[in-house]
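# Summary of structural features
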Amino acid sequence: MFEISEAGRLTECVEVEKFYAEKALNMLRSLGILLPNAAAKIDRVSEVVRIPIHSSFSKTAVDLLKNGGIPSKPCVDVFKVSSRGMKFTDFLRGVLPGDVLERVPRSYQHIGCIAIIHLPEDLVGYGSVVGEAIARVSPNVRAVYTSLTTEGEFRVRKLRKIWGEDVTETIHVEYGVKIALDVEKVYFNPTLSYEHWRVSEEVGDSEVVLDLFSGVGPYSLHIALKRSATCFAVDSNPWASIYLAKSIGLNKLKGRIVPVFSRVEDFLDLAEENYFNRAIVDLPHRSFEYLDSVLRVVSCRGTIHLYSIGGEELHTPRLPEGVKLLEVRRVLEYAPHKYIYGLKISKTCSQ
Ligand SMILES: C[S@@+](CC[C@H](N)C(=O)[O-])C[C@H]1O[C@@H](n2cnc3c(N)ncnc32)[C@H](O)[C@@H]1O
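The residue numbering used here restarts from 1 in each chain and proceeds along that chain's sequence as written. Selection of residues for local features in this predicted model requires a pLDDT of at least 70, selection of side-chain atom pairs for listing and counting requires 80 or more, and totals for whole chains, interfaces and linings are taken over all residues.

### Details of the overall build of the chain
Rules: Every helix listed is a DSSP run of H or I at least four residues long, and every strand listed is a run of E at least two residues long, numbered separately from the N terminus. Atoms considered for the radius of gyration are the C-alpha atoms alone. The globule rule reads 2.2 Å times the number of residues to the power 0.38. Whether a residue is buried, exposed or partly exposed is read from the other C-beta atoms within 10 Å of its own C-beta, which are placed from the backbone; 20 or more gives buried, 12 or fewer gives exposed, and intermediate counts give partly exposed.
Scanning the chain from terminus to terminus reveals nine helices and 17 strands. For 351 residues, the compact-globule formula gives about 20 Å, and the C-alpha radius of gyration of the chain, at 21 Å, lands near that figure. With respect to the three principal axes, the spread of C-alpha positions in the chain is 65 × 50 × 40 Å. Evaluated residue by residue, the chain yields a buried proportion of 38% over its 351 residues.

See the structure below:
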């Protein structure tokens, strides 16, 4: 059975540079516009803070902040609503030994009605206490898992349940997009929600998009929800295509999505030359290996969004002829000093 996450509720917000965050928070709080019990979100990569506010107030908030000398822009996002402003670790104080509490990670992932934390191996014994604390601050959570490893070609997490029901299937909502998945059968990373949304904003109506290594299809779903574009979402995990098919039924899409259960190599061999206006290549450890074949199937002036892993700097291999690198951005810090970078590449043609 599916369970829709309350945490997936879209909330109005204002986005300010980190430098202005405290001043903006104080100002919005004193004006009564700030949403109580919802934590602001810091994007450590782009150094902006998203502040949740009461609905229908984003224009007013932006105007008032501007009068106070704070530049901002309206946004919508999903925020964690905590019970009376408490964090899950507050419920562990005095329950876990101090040195254990210190090593419990402060953050966890919230996917639909499921929470996933990465407990150090020797703390798994404290799992049920930690799980219960998480459930206390997120009442819609029905199961809490600790993640052990990420395995194989499908990048599926090995999980161990530490609290709650035996549920692994859920519906996660990001930016109003419903995404059906099973956390034990497919790859899904909710911290990429902004990237899914950001790419979809660039897509025009009537584009034909190739979403390679699509997983359960968040890029395609974001795109097809608001554009009458056609997306081919290719993944070799059959469960990814099955859950994408379910999500297509759950969302009121403007565009079309064709889930393709195939290895990317086979699909690219068969795809017609210059057929796609845009391609997304999301296999960060190996994306560059596919660039030549992707260029063949993307049309002139077409765009490629390619994700790759790097340290403080991204060292890219030499790019092939007929390609212009438009942008390199840090998308996510996935380990200390290790980042996923997003590259935007254009296919140039001589005439
Ligand atoms: C990093 S995940 C991509 C996630 C997805 N784009 C998202 O944003 O949620 C990589 C995906 O590539 C798939 N995969 C890995 N190797 C593949 C291959 N050779 N052909 C097709 N899919 C592959 C895995 O099953 C996995 O779903």
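### A word on the site of the ligand
Using the following cut-off: We call a residue near a molecule or strand if the C-beta atom, set from the backbone, is within 6 Å of it. Ten residue types, Ala, Val, Leu, Ile, Met, Phe, Trp, Tyr, Cys and Pro, are classed as nonpolar, four, Asp, Glu, Lys and Arg, as charged, and the remainder, Gly among them, as polar. The domain limits used here are those given by an automatic or database domain assignment.
Among the 22 residues in the neighbourhood of the ligand, the closest are listed as Phe213, Gly215, Ser236, Asn237 and Val264. Those elements that place two or more of their residues in the shell around the ligand are helix 6 (218-226), strand 12 (230-235) and helix 8 (264-270). Partitioned by chemical class, the residues of the shell around the ligand number 11 nonpolar, five polar and six charged. Counting contributing residues, the shell around the ligand receives three or more from each of domain 2 (84-167) and domain 3 (189-347).

### What to know about the pairing of strand 10 (residues 177-182)
This is how it is decided: Two strands qualify as a pair provided DSSP detects at least 2 bridges between them.
A large share of strand 10 lies buried, amounting to five of its six residues. With six bridges connecting them, strand 9 (residues 169-174) and strand 10 associate as antiparallel partners. Pairing of Glu174 across the sheet is with Val177, part of strand 10. Two successive antiparallel strands, strand 9 and strand 10, enclose a turn made up of two residues, where Tyr175 displays a positive phi of approximately 50°.

### Regarding helix 6
Helix 6 sits mainly inside the fold: seven of its nine residues count as buried. When helix 6 is considered as a whole, its buried residues turn out to be Pro218, Tyr219, Ser220, Leu221, His222, Ile223 and Ala224.

### What about the sheet that holds strand 16 (residues 323-335)?
Note the cut-off: Axes here refer to lines fitted to C-alpha atoms; in helices the fit is confined to the stretch in contact. Angles between the N-to-C directions go from 0 to 180 degrees.
Here seven strands make up an open sheet; going across it, the order is 13-12-11-14-15-17-16 and the pairing mixed. The open sheet terminates on both sides in strands that have one partner only, identified here as strand 13 (256-261) and strand 16. Adjacent strand axes in the sheet meet at a mean angle of 15°, parallel and antiparallel pairs treated alike. Sheet topology note: the strand 15 (residues 298-310)/strand 17 (residues 338-347) ladder contains eight bridges and is antiparallel. For Tyr307, the partnering residue across the bridge sits in strand 17 and is Gly342.

### Structural notes on the sheet that holds strand 6 (residues 114-117)
Rule in force here: By definition, residue pairs are in contact when their C-beta atoms, positioned from the backbone, come within 7 Å.
Pairing in this open sheet of four strands is mixed, and the strands run 5-6-7-8 from one edge to the other. Edge positions in the sheet fall to strand 5 (109-111) and strand 8 (156-164), since each has one partner strand and no second. Each adjacent strand pair in this sheet contributes to an overall mean axis angle of 35°, direction not counted. Two strands pair when backbone bridges link them, and strand 7 (residues 143-151) and strand 8 are joined in this way by eight bridges, in the antiparallel orientation. The residue of strand 8 that forms the bridge with Thr150 is Arg157. Taken strand by strand, helix 4 (residues 127-137) contacts strand 6, strand 7 and strand 8, and its axis lies near 80° from that of strand 8.

### Quick look at the nonpolar core
Across soluble globular proteins, you tend to see nonpolar side chains buried next to one another. Using the following cut-off: Joined through C-beta atoms within 7 Å, a set of buried Ala, Val, Leu, Ile, Met, Phe, Trp, Tyr and Cys residues constitutes a nonpolar core.
Among the nonpolar cores identified, the biggest contains 67 residues, and Ile134, Val144, Ala279 and Val281 are the most heavily contacted of them. Per-element tally for this core: the top contributor is strand 17, with five residues. Viewed by domain, this core spans two of them, domain 2 (84-167) and domain 3 (189-347), each represented by three or more residues. If sequence neighbours within four positions are ignored, Val144 has contacts with Ala115, Ile117, Gly131, Ile134, Ala135, Ile162, Trp163 and Gly164. In this structure, Cys13, Val16, Val49 and Cys75 belong to the second largest nonpolar core, which totals 14 residues.

### As for the environment of Gly98
Inspection of the secondary structure assignment puts Gly98 in helix 3 (residues 98-103). A tally of 8 C-beta atoms within 10 Å means that Gly98 is categorised as exposed. Taking C-alpha positions, Gly98 is 16 Å from Leu119, a pair spaced 21 residues apart along the chain.

### Describing unusual backbone geometry
The phi dihedral of Glu47 falls on the positive side, at around 60°, and the residue is not glycine. Under the C-beta neighbour-count criterion, Glu47 is labelled exposed, with 11 such atoms within 10 Å. With a phi angle near 75°, Ser206 is a residue other than glycine that sits in the positive phi range. Residue position: Ser206 is located in the loop between helix 5 (193-202) and strand 11 (208-212).

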